[in-house]
Amino acid sequence: MRRLVSCVLLLSSFALAPGCATYNQDLDRARSHYEANRFEQALALFRVLEHDMDSFSVPERAQYAYLRGMTDYRLADLAPQGTGVADPRKGYRDNARHWLGLAAAIEKQTPGGITSEQKGRLTETLADLNRDVYGGAETLPEGAAPGAAPQPDAAPASPAESPEPSAPTL
């Protein structure tokens, strides 16, 4: 009897072991679809995996969020133009911004999940998507306060070229 129980436990552990690997396999399969420009298939897998993100390691979560966001971004370019609430492009772009922002936050907190090439693409894509929300205003220099006028790119004048400050008039 003990031998039978041991065999059942051993066999059940082998049966459950592949279940742990399926999330990783599905992520790899979704990545393969993305890299082959099969964005619809990739998005279908990402949506299935979304509820199991907590099963991934932190670097895998960053990869998931990055690939999910880039998939939505690519689908936005392929979707037909709609109007108002029924605009699929806007929906894809909104989702892309969400997932890429999440990928950037994960990567900032725990570096190593996203390659340097992906980081560059992530930064460029987020800048494009942020223009949807914040508009196409010029970017401010680092450290400048919001609402401050952007400074011209010209170099400051040398003291010999600048006029003497005049005394304030009352």
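Look up a bit, the structure's there.
Residues numbered from 1 in each chain as written. Predicted model: local features only at pLDDT ≥ 70, side-chain atom pairs only at ≥ 80, totals over all residues. Heavy atoms only, no water.

A. Region of interest: the overall build of the chain. Assigned secondary structure in the chain consists of five helices and zero strands. Moving toward the C terminus, one meets the helices and strands of the chain in the order α-α-α-α-α. Split into buried and exposed, the 170 residues of the chain put 26% on the buried side. In the chain, the proportion of contacts linking residues at least 24 apart, taken out of those at least 6 apart, comes to 58%. (Helix = DSSP H or I, 4+ residues; strand = E, 2+ residues; numbered from the N terminus. Buried < 20%, exposed > 50% of the residue type's maximum accessible area, 1.4 Å probe, protein only. Contact = heavy atoms within 4.5 Å.)

B. Region of interest: the packing of aromatic side chains. The tally for this structure, following the rule as stated, stands at four aromatic pairs. Ring centres of Phe46 and Tyr64 lie 5.4 Å apart, and the angle between their planes is 85°; on these two criteria the pair is classed as edge-to-face. Linking Phe46 in helix α2 (residues 39-49) with Tyr64 in helix α3 (residues 58-78), this pair joins segments that are 18 residues apart in sequence. Classification of Phe46 by relative accessible area gives buried; the value is 0%. Overall, the relative accessible area of 0% leaves Tyr64 in the buried class. (Phe/Tyr/Trp six-rings, centres within 6.5 Å; stacked < 30°, edge-to-face > 60°.)

C. Summary view of unusual backbone geometry. Unlike most non-glycine residues, Asn37 shows phi in positive territory, near 60°. Mapping Asn37 onto the fold places it in the loop between α1 (2-35) and α2. Overall, Asn37 belongs to the exposed group, its relative accessible area being 55%.

D. Inspection of the side chain of Asp72 at higher detail. Positionally, Asp72 belongs in helix α3. Discounting chain neighbours no more than four positions away, the residues touching Asp72 are Leu43, Tyr92, Asn95, Ala96 and Trp99.

E. Representation of the environment of Ala104 in the model. When you line up the elements, Ala104 lands in helix α4 (residues 88-109). On a C-alpha basis, the gap between Ala104 and Ala62 in space is 7.7 Å, while along the polypeptide they are 42 residues apart.

F. Up close: the environment of Phe56. Along the polypeptide, Phe56 turns up in the loop between α2 and α3. The buried category is assigned to Phe56, whose relative accessible area is 2%. Taking the C-alpha atoms as reference, Phe56 lies 9.5 Å from Leu27; in sequence the two are 29 residues apart.

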